[in-house]
Amino acid sequence: MYKVASFFAGVGGIDLGFENTGKFKTVYANEFDSYPANTYELNFDISVDTRDIKDIKSSDIPDFDIMLAGFPCQPFSQAGLREGFEDNKGRGTLFFELIRIVKDKEPDIVFLENVKNLVSHDNGNTFRVILEQLQNLGYKVKYQVLNAMEYGNIPQNRERIYVVAFKSKEIFKNFEFPYPVKLETKLSDIIDFDKKFDDKYYYTKGKYKGNIYEKLVDSIDDDRAVYQWRRKYVRKNKSGVVPTLTANQGEGGHNVCIVKTKFGIRKMVPHECFNAQGFPKNYKLPKDMSDARLYKQAGNSVCVSVIERIAGNIYEAIREAS
């Protein structure tokens, strides 16, 4: 069993993907935000280190074989200001904290996940710096943009960049990213169209300011599709999948994923959003946490099944080299 240390662990999506292979075990997790850390601890048997990564000494971290990190993507995201390393909240520079730990702990493999815009940000300079930092420490790097609906058998249009860096030249040569798979998971497998949920999830006349309800009624005509409220208009996902989940979809009514059922027009509930990320239906969500926080956690997470397939290929590359 290979030991894994997880940074910016969120609710544990990357960790779950690796552990699902049966070949990896998380021995350390760091997540600064206490809310996703609570969700993580409900589902894993370790306590999360909730300190700022800048305050964590490498000597505080147990030895591990593989680093996992979905480092903050807001500075590089199309949905954000795209400030990158110059992000005024300092999030862009958190990557260099990872490099500090990699330098000290020398893991065999480093696994990174981020928004696909990371590749093109600042005309490619941001990504070039990231690759150079890893290469300067002796790592050989492979990366690819994968879409959840093409590589994870999950009906969500979610493109992310995955970076895998190896100390061993042989394991590096053995590793390949997974091939696409046919999308067989249906929307009805992750969204319960036949269940009546709490009234708070439904849109009704006069419930919200303006004419949101009227626009939804006029625009939504397919009871087996997912729509998205985009501040001023309604957009149907024509691919028959869930649109890219975002961290702000529970707040202010923007980017909200909406479905039509026999009980009315409603938001996807938080657990459906976790389902759309490939989390199992028995994944525990805190009962005393606001929906806005749970929507944010789902939107900030990863597609578990894509991670699991990459992790499986990493294990095969290690096995072939041994």
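All of the points below concern the structure found in this document. All figures in this text were calculated on a predicted structure; none of them were measured in a lab.

### As for the pairing of strand β6 (residues 159–166)
The buried fraction of β6 is high, at seven of eight residues. Sheet topology note: the strand β5 (residues 140–147)/β6 ladder contains eight bridges and is antiparallel. Bridge pairing links Val145 to Ile161 in β6.

### What about the sheet that holds β6?
Ordered by their spatial adjacency, six strands build an open sheet running β2-β1-β3-β4-β6-β5, and the pairing between neighbours is mixed. Each edge of the open sheet carries a strand with a single partner, namely β2 (24–30) and β5. Geometrically, the sheet is characterised by an average inter-axis angle of 20° between neighbouring strands, direction not taken into account. Here four bridges tie strand β1 (residues 2–7) to strand β3 (residues 66–69), and the two strands are oriented parallel to one another. Bridging across to β3, Val4 finds its partner in Ile66. This element, helix α4 (residues 125–136), spans β4 (109–115), β5 and β6 of the sheet and lies at about 140° to β5.

### Topic: the sheet that holds strand β10 (residues 264–267)
Taken in spatial order, the four strands make up an open sheet running β8-β7-β9-β10, and their pairing is antiparallel. Each having just a single partner strand, β8 (234–236) and β10 make up the two edges of the open sheet. Neighbour-to-neighbour, the strand axes of this sheet turn through a mean angle of 35°, independent of strand direction. Where strand β7 (residues 227–229) and β8 come together, three bridges link them in antiparallel fashion. Looking at the pairing, Gln228 lines up with Arg235 of β8.

### Brief notes about the packing of aromatic side chains
In total, this model carries 17 aromatic pairs according to the counting rule given. Taking the centre distance of 6.3 Å and the plane angle of 65° together, the rings of Phe166 and Phe172 count as edge-to-face. Like Phe166, the residue Phe172 is buried in the burial classification. Put simply, the rings of Tyr2, Phe18, Phe24, Phe111, Tyr162 and Tyr315 pair up and form one aromatic cluster. Across the ring face of Phe172, the terminal group of Lys142 is positioned such that the distance to the ring centre comes to 4.8 Å. Note that Arg224 overlies the ring of Phe193, its terminal NZ or CZ placed 4.3 Å from the centroid.

### A closer look at the nonpolar core
One finds Ile191, Val226, Val242 and Met268 to be the most contacted residues of the largest nonpolar core, which totals 34 residues. Secondary structure elements with two or more residues in this core: α2 (34–43), α7 (187–190), β9 (256–261), α9 (270–275) and α10 (291–300). Element by element, the count of residues in this core is highest for α10, at three residues. Those residues in contact with Val226, other than ones at most four positions away along the chain, are Leu187, Ile191, Arg235, Lys236, Asn237, Val241, Val242, Pro243, Cys257, Ile258, Val259 and Met268. Among the nonpolar cores identified, the runner-up in size contains 30 residues, and Phe8, Tyr28, Ile101 and Val163 belong to it.

### Digging into the side chain of Thr185
Here Thr185 shows up in the loop between α6 (169–174) and α7. A distance of 2.7 Å separates a polar side-chain atom of Thr185 from the backbone oxygen of Asn153. Those residues in contact with Thr185 that sit more than four places away from it in its chain are Asn153, Pro155 and Ile190.

### Digging into the side chain of Lys105
Mapped onto the secondary structure, Lys105 falls in helix α3 (residues 94–105). Only 3.4 Å separates the side chain of Lys105 from the backbone oxygen of Ser58, close enough to count as a polar contact. Polar contacts involving the side chain of Lys105 include one to the main-chain carbonyl oxygen of Ile61, which spans 2.6 Å.

Criteria and thresholds
- Here, residues in each chain are numbered from 1, in the same order as that chain's written sequence.
- In view of the model being predicted, local features appear only for residues whose pLDDT reaches at least 70, and side-chain atom pairs are presented and counted only at 80 or more, with totals across whole chains, interfaces and linings using the full set of residues.
- The basis for the side-chain values is all heavy atoms of the structure; hydrogens and waters are excluded.
- Classification of residues uses two cut-offs on accessible area relative to the type maximum, computed with a 1.4 Å probe and protein chains only: under 20% is buried, over 50% is exposed, and between them is partly exposed.
- Strands here mean DSSP runs of E at least two residues long; helices mean DSSP runs of H or I at least four residues long; both are numbered from the N terminus.
- The pairing criterion is simple: DSSP has to find at least two bridges between the two strands.
- To get an axis, fit a line to the C-alpha atoms, keeping to the stretch in contact for a helix; angles then go from 0 to 180 degrees between the N-to-C directions.
- The contact criterion used throughout is that any non-hydrogen atoms of two residues lie within 4.5 Å.
- Between the rings of Phe, Tyr and Trp (Trp by its six-membered ring), a pair exists once the centres lie within 6.5 Å; its type follows the angle of the planes, with under 30 degrees stacked, over 60 edge-to-face, and the other angles tilted.
- Charge-over-ring placement is defined geometrically: NZ (Lys) or CZ (Arg) within 6 Å of the ring centre, and within 35 degrees of the ring normal.
- What we call a nonpolar core is a set of buried Ala, Val, Leu, Ile, Met, Phe, Trp, Tyr and Cys residues that are connected through their side-chain atoms within 4.5 Å.
- Side-chain atoms alone can form a polar contact between residues adjacent in sequence; in general such a contact is a pair of N or O atoms within 3.5 Å, and within protein one must be able to donate a hydrogen while the other accepts it.

In short, geometric facts, not functional conclusions.
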